[in-house]
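Each chain, letter by letter, is given below.
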Amino acid sequence: MTLLKLSLMAFSFVFWAAGLTMLIIGLWAKVSLGSYLALSASGYPSAPTILLATGVAVIIWGFLGCFGAATEHRGLLRAYSAFLAVVLAAGLAAGLSALLYRQTLAQGFQEGLRRALLAYGEDDGVADALDALQRALSCCGVESYRDWLRSPWALGQNGSVPLSCCRARRGCQRRPPDARWLHRDGCFGRVSAFVGSNLYCVATAALGLALLQLVGIVLACLLAARVPAHLLGIATPR
């Protein structure tokens, strides 16, 4: 009984730490990547928002799980195991949805980039986000720098491209610009390559978290079933 209680308390602490990590990553992504994610045209909730909400919920329930294990509160332990089951189901559903609808998400980001090119020069927020993306990823346009040459902004600039596309200012002063001094790759290809290269790592981490939650569910249910009767207020026969 003592070993089971300590095991669940240790698990709850790890679960709480995982929630804190998700909260920190969510805050970082909200601040650092919020402008990039705003370029997407998909209607799905942004990843930072999901991480923040999940992180807060996991931190709260991680503490409650540890408290329930320490006090041997059967109702709290059952609620904790139910919460773990919900998180497990939601995590698996989110992971499967990301795999099944990754093409839709990619198309949403691609469409968002195209809209940003059309709105460049009219919406300062979109322009700043697109410039920041092109500088950070060393990319230009959606598929290539040629996307800019057909944009309304470039037509008004006699066929120029934004400075964020340039490896050196010298090439951007020409109209049309000298491709030797521009970032050759499109931003959509760069983002797709990054996501594709990290998809296996994300899937492995999700599977590991799911197995960890199964362990927590089993520990919480076992401890709840072994709570002594006198702690529940049930009279034992003499």
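Residues numbered from 1 in each chain as written. Predicted model: local features only at pLDDT ≥ 70, side-chain atom pairs only at ≥ 80, totals over all residues. Heavy atoms only, no water.

(A) Summary view of the overall build of the protein. Across its full length, the protein holds 10 helices and zero strands. When the helices and strands of the protein are listed from N to C terminus, the series reads α-α-α-α-α-α-α-α-α-α. A burial count over the protein gives 34% of its 238 residues as buried. Of the contacts formed within the protein by residues at least 6 apart in sequence, a portion of 69% connects residues at least 24 apart. Looking at the protein as shown, the accessible area adds up to about 13,800 Å², and 66% of this sits on carbon and sulfur atoms. (Helix = DSSP H or I, 4+ residues; strand = E, 2+ residues; numbered from the N terminus. Buried < 20%, exposed > 50% of the residue type's maximum accessible area, 1.4 Å probe, protein only. Contact = heavy atoms within 4.5 Å. Areas by Shrake-Rupley, 256 points an atom, 1.4 Å probe, with all protein chains shown as cover.)

(B) View of the environment of Tyr145. Take Tyr145: it is sitting in the loop between helix H6 (124-137) and helix H7 (146-149). A relative accessible area of 12% means that Tyr145 is categorised as buried.

(C) Seen up close, the confidence of the model for the protein. In this model, the protein carries an average pLDDT of 76, and 74% of its residues clear a pLDDT of 70 or more. Per-element mean pLDDT across the protein ranges from 61 in helix H2 (residues 34-37) up to 88 in H7. Across residues 229-238, where pLDDT falls below 50, the model places five contacts with residues more than four positions away in sequence or in other chains. (pLDDT = per-residue confidence, 0-100.)

(D) Focus on H6. When the terminal C-alpha atoms of H6 are compared, their 20 Å separation across 14 residues agrees well with the 20 Å that a helix rising 1.5 Å per residue should span. What H6 keeps buried is the set Ala127, Ala129, Leu130, Asp131, Leu133 and Gln134. (Expected span 1.5 Å × (residues − 1).)

(E) Here's a closer look at the packing of aromatic side chains. Counted by the stated rule, this structure contains five aromatic pairs. Ring geometry for Tyr120 and Trp148: centres 4.8 Å apart, planes at 80 degrees, overall edge-to-face. Of this pair, Tyr120 sits in the loop between helix H5 (102-119) and H6 while Trp148 sits in helix H7, and the two are 28 residues apart along the sequence. By the burial criterion, Tyr120 is buried, and Trp148 matches it. Ring centres 5.2 Å apart and planes at 85 degrees place the aromatic pair Tyr120 and Trp153 in the edge-to-face group. (Phe/Tyr/Trp six-rings, centres within 6.5 Å; stacked < 30°, edge-to-face > 60°.)

(F) Layout of the environment of Pro177. Along the chain, Pro177 falls in the loop between helix H9 (169-172) and helix H10 (187-225). Spatially, the C-alpha atom of Pro177 lies 9.3 Å from that of Leu149, the residues being 28 residues apart in sequence.

(G) Expanded view of a negative patch on the surface. Where like charges cluster on the molecular surface, the negative patch consists of Glu122, Asp123, Asp124 and Asp128. Mapped onto the elements of the fold, Asp128 is located in helix H6. Residue classification places Asp128 among the exposed positions, given a relative accessible area of 52%. (Patch = residues over 30% accessible without salt bridge, like charges linked within 9 Å, V, L, I, M, F, W, Y side chains within 5 Å. Salt bridge = Lys/Arg side-chain N within 4 Å of Asp/Glu carboxyl O. Lys, Arg positive; Asp, Glu negative; His and termini not counted. Charge placed at Lys NZ, Arg CZ, Asp CG, Glu CD.)

(H) Spotlight on a nonpolar patch on the surface. A contiguous nonpolar surface patch, about 700 Å² in accessible area, is contributed by Phe13, Val14, Trp16, Leu20, Ile24, Phe63 and Phe67. With five residues, the top contributor of residues to the nonpolar patch is helix H1 (residues 2-32). Note on placement: Phe13 falls in helix H1. Assessed through its relative accessible area of 55%, Phe13 is described here as exposed.

(I) Spotlight on the pattern of salt bridges. Here the structure, examined in full by the defined rule, presents four salt bridges. We note a salt bridge from Arg114 to Glu143, for which the minimum N-O separation is 3.9 Å. Taken as a pair, Arg114 in helix H5 and Glu143 in the loop between H6 and H7 lie far apart in primary sequence, 29 residues in all. The partly exposed category is assigned to Glu143, whose relative accessible area is 42%. In this structure, the salt-bridge partner of Arg190 is Asp185, at a minimum N-O distance of 2.9 Å. According to the relative accessible area criterion, Arg190 is partly exposed, its value standing at 32%.

(J) Up close: the side chain of Gln110. Relative to the helices and strands, Gln110 resides in helix H5. Among the polar contacts made by the side chain of Gln110, one reaches the side chain of Glu143 at a distance of 2.7 Å. Those residues in contact with Gln110, other than ones at most four positions away along the chain, are Val142, Glu143 and Phe188. (Polar contact = N/O pair within 3.5 Å; in protein donor to acceptor, adjacent residues only side chain to side chain.)

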